[in-house]
Amino acid sequence: MSDPAFPRSDTFGPDLAEVFGPSHSDGGPDLVQLLTPEGERVHHPEFDHDFSAEELRGLYRDMVLTRRIDVEATALQRHGELGIWAQLLGQEAAQIGAGRALRPQDYVFPTYREHGVAYCRGVDPLRLLGLFRGVDQGGWDPTENNFGLYTIVIGAQTLHATGYAMGMQRDGVVGTGDPERDAAVIAHFGDGASSQGDVNEAFIFAASYNAPVVFFCQNNQWAISEPIERQTRIPLYQRALGFGFPGIRVDGNDVLATYAVTRAALQRAREGNGPSFVEAYTYRMGAHTTTDDPTRYRLNDELEHWKLKDPIERLKVYLRRNGLVDQEFFDDLDAEAKELGHHLREGCKALPDPKPLDQFGYVFSEMTDEIAAQRDEFAAYLASFEGSHS
């Protein structure tokens, strides 16, 4: 005889088909969208922005060049020049929209896939390749671009972001009313990372201390081979309410909507109104990484469905339909993309191999006696091979 206080597992909670039926294909009724997959401009009562023609062309250019970075890096890995590469194919709008919504004083904590955000922050994409080639641990200075090093440990960067945001509060750069001074933090992670304890702990601290941080989740439907249905029983953005701050779902294939929503969330944080959660509902059209074979766990029909929502094509249609571009624009952009590809191909092969002893200099800002002893021991070991083949 069942206990009414503990319903059967098959009846407890919302019906999965109800939650993931329509929403799995279109994002559901709460999806914020400003540009439909067919390239039609629509308006939203809370999130909108009057984009100039120059802004629209700039966003299109950013997405095209970001995709070229991804394509070139994937090819370099296939040719043995990179050990691995984390693709972003299909997620260009989510990254460019979020990246262009930032102010210079804001700070970004990325995962290992935020190549488009890195591009927006002025990081030379060649520096990204050094990490995946294995010649450095991230060849850019985080303080120069306010863009942290890539985080491989899933979800760990959300704690770093929350702590950094709390530090901003104590530095007095939040809620001053000065747009040149007020700053916020954005933490990027994926739908799979939302199941990590670190992410949920970051939510708790951010809410408790009203930290100026935006949690930006790129829900690309797959945590490697696990679908979103295995990650949550409710839409991800609704989780935020349980921690005490607002969450919103935006069409992650719509660069205009992503920009508008992220811009509003960051401004809210800068003004001292605390954290928020943005779920960019998108799709990973490529593999999780170049070591992954997505054909083993997902249907081709699903991929074809999402190809029709391609973020670059929908903005291209809008630009052409409204006479905001001409053929010269596309020709110039194609030439720029080819030049970028050449820069990455030649630059990647020219990246210098690290010296074995260099690794000891990157453990602590000031070398400890223990690390120095390990360095000296390793140096002696290397020296033992000198002249052994003479």
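Within each chain, residue numbers correspond to sequence positions counted from 1 in written order. This being a predicted model, a pLDDT of at least 70 is required before a residue's local features are given, and a value of 80 or more before pairs of side-chain atoms are given or counted; all residues contribute to the totals for chains, interfaces and linings. As a rule here, side-chain values come from all non-hydrogen atoms in the structure, and water together with hydrogens is ignored.

### Overview of helix 4 (residues 92-100)
Phase 1: Classification of residues uses two cut-offs on accessible area relative to the type maximum, computed with a 1.4 Å probe and protein chains only: under 20% is buried, over 50% is exposed, and between them is partly exposed. Every helix listed is a DSSP run of H or I at least four residues long, and every strand listed is a run of E at least two residues long, numbered separately from the N terminus. Of all nine residues in helix 4, eight are buried; the element is thus mostly enclosed.
Phase 2: For helix 4, the full list of buried residues reads E92, A93, A94, Q95, I96, G97, A98 and G99.

### Description of the packing of aromatic side chains
Phase 1: Centres within 6.5 Å make a pair out of two Phe, Tyr or Trp rings, where for Trp the six-membered ring is used; the pair is then stacked when the planes are under 30 degrees apart, edge-to-face when over 60, and tilted otherwise. Going through the model one piece at a time under the given rule, you end up with 26 aromatic pairs.
Phase 2: Judged by centre distance (6.2 Å) and plane angle (65°), the ring pair of F147 and Y150 falls under edge-to-face. Each member of the pair F147 and Y150 is classed as buried.
Phase 3: A network of ring pairs unites the aromatic residues F189, F203, F215, F243, F245 and F277 as a single cluster.
Phase 4: It is K309 that lies over the ring of W306; its NZ or CZ is 5.4 Å from the centre.
Phase 5: Cation placement over rings: the criterion is NZ of Lys or CZ of Arg within 6 Å of the ring centroid and within 35° of the ring normal. Seen from the ring of F330, K316 lies directly overhead, with NZ or CZ sitting 5.2 Å from the centre.

### Structural notes on the pairing of strand 6 (residues 247-251)
Side-chain direction in a regular strand flips from residue to residue, so the side chains alternate between the two faces of the sheet.
Phase 1: Summarising burial for strand 6: four of the five residues are buried, a large majority.
Phase 2: Bridge count for strand 6 against strand 7 (residues 276-281) is five bridges, and the pairing is parallel. Within strand 7, the residue paired with I248 across the bridge is V278.
Phase 3: Handedness of the crossover is the feature at issue here: the chain leaves strand 6, passes through helix 11 (residues 255-270), returns alongside strand 7, and the resulting connection is right-handed. At least two bridges found by DSSP between two strands are what make those strands a pair. With strands facing away from the observer, any crossover in which the path from the first strand over the helix to the second runs clockwise is taken as right-handed.

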